[in-house]
Amino acid sequence: MTTTAPPSARPSLTLRQLTAAGGGPRYAAALAVDALGTGLLRPFLLLYGITVLGLSATTAGLAMTVGIVAGLACLPPLGRWLDRGARSTAVAASMLVRVAGVVVLLAAPAGAGTGPFTLAALLLGVGNQSWPAAHAALVATVSEGRLRDAALAGARSVRNAGLGVGALLAAGAMAAGPGGLRVLAVASGVGYLAAAGLAWSVRVAADPTVRQDAPGAGPAPRLGALLGANVLYVFCLNVPEIAVPLVLVEQLHASPTWAAAVFVANTVLVVTLQVPVTTWSARWSRGTVMAASGVVLALGYLGFLFATGLGPAAVALVSVPFTLGEILYAGSSTALVTALAPPALLGRALARFQLSTGFGLAVSPAAITALAAHGPAALWGTLAAGTAGASAAVWRERHRA
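Residues numbered from 1 in each chain as written. Predicted model: local features only at pLDDT ≥ 70, side-chain atom pairs only at ≥ 80, totals over all residues. Heavy atoms only, no water.

> Explain the overall build of the protein chain to me, please; I cannot follow it from the model alone.
For the protein chain, the helix and strand inventory stands at 16 helices and zero strands. A compact globule built from 401 residues would reach a C-alpha radius of gyration of about 21 Å, and the protein chain, at 21 Å, matches this within 12%. Taken over 401 residues, the protein chain has a buried fraction of 50%. Entry remark: accessible area of the protein chain is about 16,600 Å², with carbon and sulfur atoms responsible for 70%. Side-chain charges of the protein chain comprise 23 positive and 10 negative groups, with the mean position of each set lying 3 Å from the other. (Helix = DSSP H or I, 4+ residues; strand = E, 2+ residues; numbered from the N terminus. Rg over C-alpha atoms; globule rule 2.2 N^0.38 Å. Buried < 20%, exposed > 50% of the residue type's maximum accessible area, 1.4 Å probe, protein only. Areas by Shrake-Rupley, 256 points an atom, 1.4 Å probe, with all protein chains shown as cover. Lys, Arg positive; Asp, Glu negative; His and termini not counted. Charge placed at Lys NZ, Arg CZ, Asp CG, Glu CD.)

Quick look at the structure:
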């Protein structure tokens, strides 16, 4: 897929270089503000539907699922828009769509029914699904090579930090009941609006002379194996939020504090290690690193299976190396797609990749809970086997492209 980078391609990066490669200080600020706004609302959106709008948990959950799945439909046209040159405008648009979603939430009175909440979930889903592809396309436009990989990793660290801080602030506001949830929605909307303004002000667009029909534009890359594998890989992102809490609380009857500790540890590790690990792994090709991340994740699933019989402390301990697998995956997957795609087809390639990611994130909660109902062996064994198979598929394709 890509050749091993020489030592000269892996210099030590300063914060200024990393910020510039990621779009500059204003864009970094936009990412931080957007993540903070997302952290304020997204973890409690279901509770907003139940507490403020008076919906049942089943109805609110179904509306959120519909919003996530329907949001995937925006990706093909987004890919074509990106290939026509949109970059910072597309990022800003993904944030403004979420502003509209928050406005719908705030305008809906209690007892308004499922319509407003479903519409709000749809708008938020469109924004959440379109942002990753638009962001990756922008970074790929202002940087290249391993510096681009490090910039993408840095953005993930910033985003996870913002999400974590936002969630902590929101947890405190939850004590105020429905009024507190409305305040969170207002703060989230203001954050999205400010982030959109900052992102738009960067004024980054692709070279208009790079077109799909231009000489040397290159054919569309074959991503079938990568996209199929990614659907299974992405299950790992829901393990700290869904699988581990299910095992700790429902199967081991441990205190929810253990699940919270695992989630916090996961966030801290991603924030602090994403850039160093991505930079360190640049000595190997991106395809090799992604295949290796699948092996680490599969071993982590088996580790969780073994640790379940030893108690909550063992499960929490296994989550550390498992998170390293997640970091390797996140640092190599999007970077691999941006490296494989010709510039004229970058938008469509990233949109297809996000489609596989969004689909995996949409189905993984139902799959994880269904497997967990049959015991630890069914849950962790199936995830290990599926991820190992996905890793093998990536390994077979690593030299093609």
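> How should the packing of helix 10 (residues 224-233) against helix 15 (residues 346-372) be read in this particular structure?
Two numbers describe a pair of packed helices, the interaxial angle and the distance between the axes. Two numbers describe how helix 10 lies on helix 15: the axes approach to 8 Å, and their chain directions differ by 30°. The angle between helix 10 and helix 15 places the two elements in the roughly parallel class. You can see that helix 10 and helix 15 cross each other, and the crossing is right-handed. Packed against helix 10, whose contacting residues are L227, N230 and V231, the element helix 15 presents R352, F353, S356, T357, F359 and G360 at the interface. Residue classes in the contact of helix 10 with helix 15 are distributed as four nonpolar, four polar and one charged. (Axes fitted to C-alpha atoms, helices over the stretch in contact; angles between N-to-C directions. Parallel < 35°, antiparallel > 145°, perpendicular 65-115°, else oblique. Left-handed = near helix turned anticlockwise from the far one by under 90°. Contact = heavy atoms within 4.5 Å. Nonpolar A, V, L, I, M, F, W, Y, C, P; charged D, E, K, R; others polar.)

> Please explain the packing of aromatic side chains as it appears in this structure.
Each aromatic ring pair is summarised here by two numbers: the centre-to-centre distance and the angle between the ring planes. Within the structure shown, the criterion is met by six aromatic pairs. Aromatic side chains W280 and W284 sit 5.1 Å apart centroid to centroid with 75° between the ring planes, which places their arrangement in the edge-to-face category. An aromatic cluster of three or more residues is present, and its members are Y301, F304, F322 and W380. Here the basic side chain of R98 rests over the ring of Y192, its NZ or CZ set 4.8 Å away from the ring centre. Its guanidinium or amino end placed over the ring of W200, R203 lies 3.9 Å from that ring's centre, counting from NZ or CZ. (Phe/Tyr/Trp six-rings, centres within 6.5 Å; stacked < 30°, edge-to-face > 60°. Lys NZ or Arg CZ within 6 Å of the ring centre and 35° of its normal.)

> Got a minute to help me understand empty space enclosed by the protein in this structure?
The rolling of a water-molecule-sized probe over the atoms marks out the regions of remaining empty space. All chains considered together, the criterion is met by two cavities of 30 Å³ or more. Here the largest cavity is characterised by a volume of approximately 40 Å³. Residue lining of the largest cavity: R146, D149, T278, S281, A282, R286, V289, G331 and S332, and that is the complete set. Among the residues forming the lining of the largest cavity, the class breakdown is two nonpolar, four polar and three charged. Approximately 30 Å³ is the volume found for the second largest cavity. Together, V239, P240, V244, V262, N266, F304, S319, F322 and T323 line the second largest cavity. At the level of secondary structure, the elements contributing two or more residues to the lining of the second largest cavity comprise helix 11 (239-251), helix 12 (256-280) and helix 14 (312-340). Residues that form the lining of the second largest cavity fall into these classes: six nonpolar, three polar and no charged. (1 Å grid on protein atoms, 1.4 Å probe; cavity = no way out; pocket = protein on both sides within 12 Å on 5 of 7 lines; lining within 4 Å. Points joined across faces, edges and corners; volume = space filled by probe spheres on them.)

> Even after reading the chapter, I still don't get the environment of L53, so can you show me in this structure?
Secondary-structure assignment places L53 in the loop between helix 3 (45-52) and helix 4 (57-71). Excluding anything up to four places from it in sequence, L53 contacts Y48, L105, A108, P109, A110, G111 and F117.

> Sorry, what's going on with the environment of G172 here?
If you trace the backbone, G172 turns up in helix 8 (residues 145-173). For G172, a relative accessible area of 55% corresponds to the exposed category. Between the C-alpha atoms of G172 and L297, which are 125 residues apart in sequence, the distance is 33 Å.

> Hey, could you run me through the pattern of salt bridges in this one?
A pair can form between side chains of opposite charge whenever their charged atoms are brought close. The final tally for this structure, using the stated rule, is seven salt bridges. Two residues, D149 and R286, come together in a salt bridge whose shortest N-O distance is 2.7 Å. Highlighted residues: D149 in helix 8 and R286 in helix 13 (residues 286-308), separated in sequence by 137 residues. Residues D149 and R286 agree in their burial class; the two are buried. A salt bridge links E326 to R156, with the nearest nitrogen and oxygen atoms 2.7 Å apart. Taken together, the positions of E326 in helix 14 and R156 in helix 8 put the pair 170 residues apart, joining distant regions of the chain. A residue is classified by how much of its surface remains accessible, and E326, at 4% relative accessible area, is buried. Members of the salt-bridge network, linked through shared partners, are R146, R148, D149 and R286. (Salt bridge = Lys/Arg side-chain N within 4 Å of Asp/Glu carboxyl O.)

> Is there a simple way to think about unusual backbone geometry in this case?
If a residue is not glycine, its phi is most likely negative; likewise, a peptide bond is most likely trans. Phi at R203 is positive, roughly 55°, even though this residue is not glycine. Located in the positive-phi region is H253, a residue other than glycine, with phi close to 55°. Mapped onto the elements, H253 comes out in the loop between helix 11 and helix 12.

> What should I look at first to understand helix 2 (residues 25-41) in this one?
Think of an α-helix as 3.6 residues a turn; residues three or four steps apart then line up on the same face. The first and last C-alpha atoms of helix 2 sit 25 Å apart over 17 residues, in line with the 24 Å expected at 1.5 Å per residue. Of the residues making up helix 2, those classed as buried are Y27, A30, L31, D34, A35, G37, T38, G39, L40 and L41. At its buried positions, helix 2 is contacted by helix 3, helix 6 (88-107), helix 7 (114-142), helix 8 and helix 9 (178-201). (Expected span 1.5 Å × (residues − 1).)

> When you look at the side chain of T357 in this model, what are you seeing that I'm missing?
One can find T357 in helix 15. For T357, a relative accessible area of 10% gives the class buried. Apart from the residues lying within four places of it in its own chain, the contact partners of T357 are N230 and V234.

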